[in-house]
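# Coordinate analysis (summary)
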Amino acid sequence: MSIDFPDTHRDLLDAKFATLATLGKDGGPQLTEVWFLFEDGQAKVSLNDSRLKTKNLVARPRCSLFILDLANPFRYLDVRGTARVEPDADYAFAVRVGAKYGADLRDHDGPGDKRVVATIEPTNVFAVDMNA
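Quick summary incoming for the structure in this document.

Moving on, we get to the nonpolar core. Core analysis: the largest hydrophobic core is formed by 31 residues, its most contacted members being Leu20, Phe36, Leu57, Leu65, Ile67 and Leu77. Broken down by secondary-structure element, the contributors of at least two residues to this core are strand E1 (18-23), strand E4 (42-48), strand E5 (62-68), strand E6 (75-87), helix H2 (92-101) and strand E7 (115-129). Looking at which element gives the most residues to this core, the answer is E7, with 5 residues. Excluding its chain neighbours within four sequence positions, the residues that come into contact with Ile67 are Leu12, Leu13, Ala15, Phe17, Ala18, Phe36, Tyr76 and Leu77.

This paragraph deals with unusual backbone geometry. One non-glycine residue, Asp40, lies in the positive phi region at around 55°. On the basis of relative accessible area, Asp40 is assigned to the exposed category, the value being 69%. Positive phi outside glycine occurs at Tyr91, with the angle close to 65°. Along the chain, Tyr91 falls in the loop between E6 and H2.

Looking now at the sheet that holds E6. A sheet is described by the order of its strands in space; here 7 strands give the open sequence E2-E1-E5-E6-E7-E4-E3, paired in antiparallel fashion. Single-partner strands in this sheet number two, and they are strand E2 (29-34) and strand E3 (37-39). Averaged over all pairs of adjacent strands, the angle between strand axes in this sheet comes to 35°, irrespective of strand direction. Across 3 bridges, the pairing between E3 and E4 is antiparallel. Among the inter-strand pairings, Leu37 is bridged to a residue of E4, identified as Lys44. Across the sheet, H2 touches E3, E4 and E7, and the angle it forms with E3 is around 120°.

Thresholds applied
Residues numbered from 1 in each chain as written. Predicted model: local features only at pLDDT ≥ 70, side-chain atom pairs only at ≥ 80, totals over all residues. Heavy atoms only, no water. Core = buried A, V, L, I, M, F, W, Y, C linked by side-chain atoms within 4.5 Å. Buried < 20%, exposed > 50% of the residue type's maximum accessible area, 1.4 Å probe, protein only. Helix = DSSP H or I, 4+ residues; strand = E, 2+ residues; numbered from the N terminus. Contact = heavy atoms within 4.5 Å. Pairing = 2+ DSSP bridges. Axes fitted to C-alpha atoms, helices over the stretch in contact; angles between N-to-C directions.

This is the structure:
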């Protein structure tokens, strides 16, 4: 299923930060600020495989990516969907994310850690502008 992102909020898909909500073992939310890229109609996040958010997505792939307009906090985009977690063994995706943020994601990994790509396949997109 293809979900349209409203033109009024497409600029937020280039934002620097988003909040990723995953579901913990107890069913409660776990929120984390993440770096992301929007590619091929999907939000993608580079994650370290040892982190709780990654483990949550593998066990319970339903999630939400909340992107707040930092210049106008009355405006936001909430992308809800299902995450597909795949290896990024060669760091190809991590390098693209790092280019957006001027960082080497390897600096955030410990010995033995691996990188994965979490692709959020949207099922619902809520574009909100409380100023309108």
